[in-house]
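Below are the chains, spelled out letter by letter.
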Amino acid sequence: MDRKITAAKHLTDDQYRVLEAVHAKRTRSMGEAERLMYSANNIVKVKFNKKENCLHVHFDDGNWWHYCPDGTWY
């Protein structure tokens, strides 16, 4: 799999697919200004949380979100 997000190079292919799918779904729910603030280019850290079975996706403004395999985020 071609890795495009530097902060997520360590993820497995399945984890990376979750990141891509949930991020795309999440950004479609945003307005234009918010999409710019939370583009993939603004992701600075991604950690897999085994206990929660989700990704912790951190952005350059200090905010972070849970991205879940079922396509949800919180």
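Residues numbered from 1 in each chain as written. Predicted model: local features only at pLDDT ≥ 70, side-chain atom pairs only at ≥ 80, totals over all residues. Heavy atoms only, no water.

Visitor: Describe the nonpolar core, and please don't skip the residues or the numbers.
Guide: Soluble globular proteins tend to bury their nonpolar side chains together. Membership of the largest hydrophobic core comes to 16 residues, with the highest contact counts inside it found for Leu-19, Ile-43, Val-46, Leu-55 and Val-57. Broken down by secondary-structure element, the contributors of at least two residues to this core are helix H1 (13-28), strand E1 (43-49) and strand E2 (54-59). Broken down by element, the residue count for this core peaks at 4 residues, all from H1. Beyond its immediate sequence surroundings of up to four residues, Leu-19 is in contact with Ile-5, Ala-8, Leu-11, Ile-43, Val-46, Leu-55, Val-57 and Tyr-67. (Core = buried A, V, L, I, M, F, W, Y, C linked by side-chain atoms within 4.5 Å. Buried < 20%, exposed > 50% of the residue type's maximum accessible area, 1.4 Å probe, protein only. Helix = DSSP H or I, 4+ residues; strand = E, 2+ residues; numbered from the N terminus. Contact = heavy atoms within 4.5 Å.)

Visitor: Any details on the side chain of His-23? Residues and values, ideally.
Guide: The topology assignment puts His-23 in helix H1. Assessed through its relative accessible area of 9%, His-23 is described here as buried. There is a polar contact of 3.4 Å between the side chain of His-23 and the backbone nitrogen of Ala-40. (Polar contact = N/O pair within 3.5 Å; in protein donor to acceptor, adjacent residues only side chain to side chain.)

Visitor: Account for the packing of aromatic side chains, naming residues and giving values.
Guide: Under the counting rule described, the total for this entry stands at 1 aromatic pair. Ring centres 5.0 Å apart and planes at 85 degrees place the aromatic pair Tyr-38 and Phe-59 in the edge-to-face group. A residue pair is termed long-range when its members are at least 10 positions apart, and Tyr-38 in the loop between helix H2 (32-37) and E1 and Phe-59 in strand E2 qualify at 21 residues. The pair Tyr-38 / Phe-59 is uniform in exposure class, with both members buried. Above the face of the Tyr-38 ring, Arg-26 is positioned so that its terminal group lies 5.0 Å from the ring centre. (Phe/Tyr/Trp six-rings, centres within 6.5 Å; stacked < 30°, edge-to-face > 60°. Lys NZ or Arg CZ within 6 Å of the ring centre and 35° of its normal.)

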